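Structure at a glance
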Amino acid sequence: MPIPANADVLSAANAIAHQLKSCSQAPMQEAQQLIAHALNCPPQHLPWAKTLAPTVTEQLNHWLVQRLDHMPLAYILEHVTFAGLSLRVTPATLIPREATETMVHWLIQRYQSQKKHPIQAVEWGTGSGAIAIALCQALPAWQWTAIDISNKALAIAQHNARCHPCAITFIQ
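Below is a short write-up of the structure. (Residues numbered from 1 in each chain as written. Predicted model: local features only at pLDDT ≥ 70, side-chain atom pairs only at ≥ 80, totals over all residues. Heavy atoms only, no water.)

Side note on helix H5 (residues 98–111)
Here H5 spans 20 Å end to end across 14 residues, near enough to the 20 Å set by a 1.5 Å rise per residue. Along H5, the residues classified as buried are Val104, Leu107 and Ile108. Looking down the long axis of H5, one finds its buried residues gathered within 100° of arc, a one-sided arrangement. Pointing more than 90 degrees away from the buried face of H5 are the exposed residues Glu98, Ala99, Thr102 and Gln109. Looking at the packing, one finds that the buried side of H5 touches strand E1 (80–82) and helix H6 (130–138). (Helix = DSSP H or I, 4+ residues; strand = E, 2+ residues; numbered from the N terminus. Expected span 1.5 Å × (residues − 1). Buried < 20%, exposed > 50% of the residue type's maximum accessible area, 1.4 Å probe, protein only. Arc of directions from axis to C-beta. Contact = heavy atoms within 4.5 Å.)

Some words on the sheet that holds strand E3 (residues 120–124)
Strand order in this open sheet of three strands is E3-E4-E5, and the pairing throughout is parallel. Among the strands making up the open sheet, the edge pair consists of E3 and strand E5 (168–171). On average, each strand axis in the sheet is inclined to that of its neighbour by 20°, with strand direction left out of account. Pairing of strand E4 (residues 143–147) with E5, which is carried by four bridges, proceeds in the parallel orientation. Its bridge partner being in E5, Trp144 is matched across the sheet by Ile168. The strands touched by H6 within the sheet are E3, E4 and E5, with E4 carrying the most contacts at an inclination of about 170°. Across the face of the sheet, helix H7 (residues 151–163) comes into contact with E4 and E5 while running at roughly 170° to E5. (Pairing = 2+ DSSP bridges. Axes fitted to C-alpha atoms, helices over the stretch in contact; angles between N-to-C directions.)

Here's what the structure looks like:
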């Protein structure tokens, strides 16, 4: 059931959340994230009484269909937060997992004392570049090389590296 025309933000959030119950553990949170993304505002500042423009409703309905088809929310939003960094992700990259973030934090703690000693490090299958960028930010003396077979994934990783300046050599 599509979001009705002339729906306000609250009605749209309720309609989306109701439909997402079948595929989401946090349907209202996801609904708010989708609407916030469409309105280009943080979820905590949603204008609940505002009537949505037809183009916004159309975009939300499109994203809802994708989400109901089990597309990950991070791919729809093209965004994920990893180790405190805002990163772009697309279907050309994997979505960084919580366990990967835990590993990155462990590596930072483990090698923090060697922060100034240059070490050559390689990330194979870099995808979004999440690991290399997070570690490069924390351990800037390390010489990083990030490799991926996909030129689409490398383009995303390079974009993310430009958003979080660090010295990484990218290779396909």
